[in-house]
Amino acid sequence: MPTELPATLAEAHARIRHLEQTLVEQKMLLRMPAQNPNPVYCLAPDGRLLYANPAALRLSQELGPEAMDELRHQAVGWVQKALAIGSEQQHEVSSQNRYFTLCAVPGPDKLSATLYIVEVTERVKAERERAAQQAFTEQVLSSLPSMVYVRDPAGRYVYANQATHDALAKLSATKPVPAVAEQQALNMASYAATDAQVLSTGQELALEQQLMLPSGEERWVHTVKRPLTWANGVPHVLGVSTDITELKQAREEAEAAAQARANFLANMSHEIRTPLNGVLGIAGQLAKTSLSPRQQELVGIIRSSGKHLLEVINDVLDMAKITSGKLEMSPEPFDLCESMFQASQPLALQAAEKGLHLSVSRLNETCPHPQVIGDAFRINQIMLNLLSNAVKFTPAGGSIHAGAYQVAETEDFLTIECRVSDTGVGIAPDKQERIFESFTQAYADTTRQFGGTGLGLTISRALVEQMGGQLQLQSELGKGSTFSFQLTLPRAGRLLPVPEEHELAATQQLQGKRVLLVEDNDINRLVARMLLEEWGVELDEAEDGPAGVAAASQHRYDAVLMDIQLPGMNGVEATAVIRALPDPQLAQVPIVALTANAFEEDAQQYLAAGMNACISKPFEEEVLFRTLVSLLGTVDSNS
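Not measured: the values here are computed from a predicted model.

### Things to note about the overall build of the protein
- For the protein, the count of helices and strands is 18 helices and 22 strands.
- Considering the protein as a whole, with its 639 residues, one finds that 40% of them fall into the buried category.
- Of the roughly 35400 Å² of accessible surface on the protein, 55% is carried by carbon and sulfur atoms.

### Let's talk about the sheet that holds strand S2 (residues 49–52)
- Judged by pairing direction, the sheet is antiparallel, and its five strands sit side by side in the order S2-S1-S5-S4-S3 without closing on themselves. Taken across any chain shown, the strands that pair with only one partner, and hence form the sheet edges, are S2 and strand S3 (89–95). If you compare each strand with its neighbour and ignore which way they point, the axes differ by 25° on average.
- Looking at chain direction, S3 and strand S4 (residues 98–106) are connected through seven bridges and run antiparallel. Its bridge partner being in S4, Ser95 is matched across the sheet by Arg98.
- Against the sheet, helix H4 (residues 121–143) engages S3, S4 and strand S5 (113–119), with an angle of about 125° to S4.

### Observations regarding the packing of helix H9 (residues 336–354) against helix H10 (residues 376–393)
- It is the contact of H9 with H10, at a shortest axis distance of 10 Å, that shows an interaxial angle of 20°. Judged on the interaxial angle alone, H10 and H9 are roughly parallel. Taken as a pair, H9 and H10 cross one another with a handedness that is right-handed. In contact with Leu336, Ser339, Met340, Ala343, Ser344, Leu347, Gln350, Ala351 and Lys354 of H9, H10 contributes Ala376, Ile379, Asn380, Met383, Leu384, Leu387, Ser388, Val391, Lys392 and Phe393.
- Tallied by class, residues from the contact of H9 with H10 come to twelve nonpolar, five polar and two charged.

### Some points on the packing of H10 against helix H12 (residues 456–466)
- For the pair H10 and H12, the least separation of the axes is 9 Å and the interaxial angle reads 145°. Viewed along their axes, H10 and H12 form a crossing whose handedness is left-handed. Facing Arg378, Gln381, Ile382, Asn385, Leu386 and Asn389 of H10, the residues of H12 in contact are Gly456, Leu457, Ile459, Ser460, Leu463 and Val464.
- When its residues are assigned to classes, the contact of H10 with H12 shows six nonpolar, five polar and one charged.

### Some details on the sheet that holds strand S9 (residues 218–229)
- Ordered by their spatial adjacency, five strands build an open sheet running S7-S6-S10-S9-S8, and the pairing between neighbours is antiparallel. Whereas interior strands pair on both sides, the edge strands pair on one side only; in this sheet they are strand S7 (157–160) and strand S8 (205–212). Each strand axis lies, on average, 30° off the axis of its neighbour in the sheet, ignoring direction.
- Relative to strand S10 (residues 235–243), strand S6 (residues 147–151) runs antiparallel, the two being bridged by five bridges. Of the residues in S10, the one forming a bridge with Val150 is Leu238.

### Some thoughts on unusual backbone geometry
- One non-glycine residue, Asn97, lies in positive phi territory at about 60°.
- Along the chain, Asn97 turns up in the loop between S3 and S4.
- The exposed category is assigned to Asn97, whose relative accessible area is 60%.
- Phi angles above zero are rare outside glycine, and Lys110 is one such case at about 60°.
- Judged by relative accessible area, Lys110 falls into the partly exposed class, the value being 46%.

Rules and cut-offs
Residues numbered from 1 in each chain as written. Predicted model: local features only at pLDDT ≥ 70, side-chain atom pairs only at ≥ 80, totals over all residues. Heavy atoms only, no water. Helix = DSSP H or I, 4+ residues; strand = E, 2+ residues; numbered from the N terminus. Buried < 20%, exposed > 50% of the residue type's maximum accessible area, 1.4 Å probe, protein only. Areas by Shrake-Rupley, 256 points an atom, 1.4 Å probe, with all protein chains shown as cover. Pairing = 2+ DSSP bridges. Axes fitted to C-alpha atoms, helices over the stretch in contact; angles between N-to-C directions. Contact = heavy atoms within 4.5 Å. Parallel < 35°, antiparallel > 145°, perpendicular 65-115°, else oblique. Left-handed = near helix turned anticlockwise from the far one by under 90°. Nonpolar A, V, L, I, M, F, W, Y, C, P; charged D, E, K, R; others polar.

Here's what the structure looks like:
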């Protein structure tokens, strides 16, 4: 401001107006601390309070005299320090679970200092809560037995939980021998490659990885890797690895046990089916001879007992396939009504012989077009099991009703329900679930009284469920039972070829055909010889694989019947040698596997090895006849 007096009245008025304007501005500046929502204090060097805005007065009232005295004592020290060094001082303090940032700013004359206070309670609590959460998360991750880690694109660990640190420490505990070091290097290269795959594809990757310890001990981990974007935007790899060494060993042991069981069942089946083929074959031939009624009765008992034994073997093999998940369906077009009706005829005769009244509702009564695509054999197996149980558990004079009904249809699918009801012994409510368990009957004396393995219903339920249905039971003790199930099957064309009937005794289709039989069992050769000679077949025989190959290499046969388990060279190996013969006509001879191995995978193996068909022992005459007619008919038409 100029110090000289104004020379004129106008200058005086101008100066007065300027002073008034300055005064207004100064008053506005003075009101600013009062309007500040945060506390503002002005303190003298000795701690005297020179100024406090309204927010500061409110804070004093909220905290109370005791807390304010404590804060004032700290603040005085900071004010004096700020005045001494001539620069502001900033500190954080707390009182009564409230947190503040204090900033002491010295005045220009160093005769006072202004104390600015900002409450940061919410921020501090949020930071502490976040830190607690991070500590808890770290505690959880460190407590996990699985390794959790994050690696950057260069393969460096940017995070590793305690399990990962422990694993890394074990890997670097001692210097490995060269062979182990080489394997560890290969493992590290594999880890890096999978990291690179995750980063390049952006897709999660799950795999089993090997860890080789310096001692040479081999560990296995199941690892899941997925992309993870780091705070700087760079993609990293998040990995979670779980030690599965013991689990892997247990799995391998279980697989070995399952394979041992499969081998046992295959060997058991083979060892039983081979002599059973001879028993049933000779009994069948004996039944064709002139026998007295008593002799016919005895032969009938032999054949019936042999077939029962075969059913037991088949049930056991089916259960083995079901429990191992290897039971496969063979869908094909067929007439569902006609198939079930024809399959149930033997049981209809059994019911009549036992004195039971059997009534049937055929599917075509409610379904004009019962042509579907499915496994006819398995569907018939279910119905035969249910019908056989009804015949078995219904006393003479009782009644059985078997029926198949259309439930729903669309253009592409047909839903049917099958029911078998009887007036038999019935099943108590507490026993009804038990009957579906393997090798289990409802009562302890059921097997002795009625026979059976206790597998039929177990197999039936598994088959129904595999085809998308559910086997239901309604039963009352002493009044009978009803078993039912529904299936939805794809429709087939309405016009299906009707299989031709062949009367074995009357046909001459195999007359004059020349067949080689390669079989090491004398009785089985006798059975086959009696059948084939009856059909007019010229038969040559070989007792082992090398003899069979020699015969097939020297003579032209219309077909070869090949056993599988042969001395010197098995049937598969013999087939491979025959298929490699230089003469095309000799090499392409139809070969039929006659085997006691009844598993489906066995049959597929034989067909893949170059055989044309597979027949399981003991075989039915009709099956062998139809197979030869089909193969030889194909050969004739192609030639």
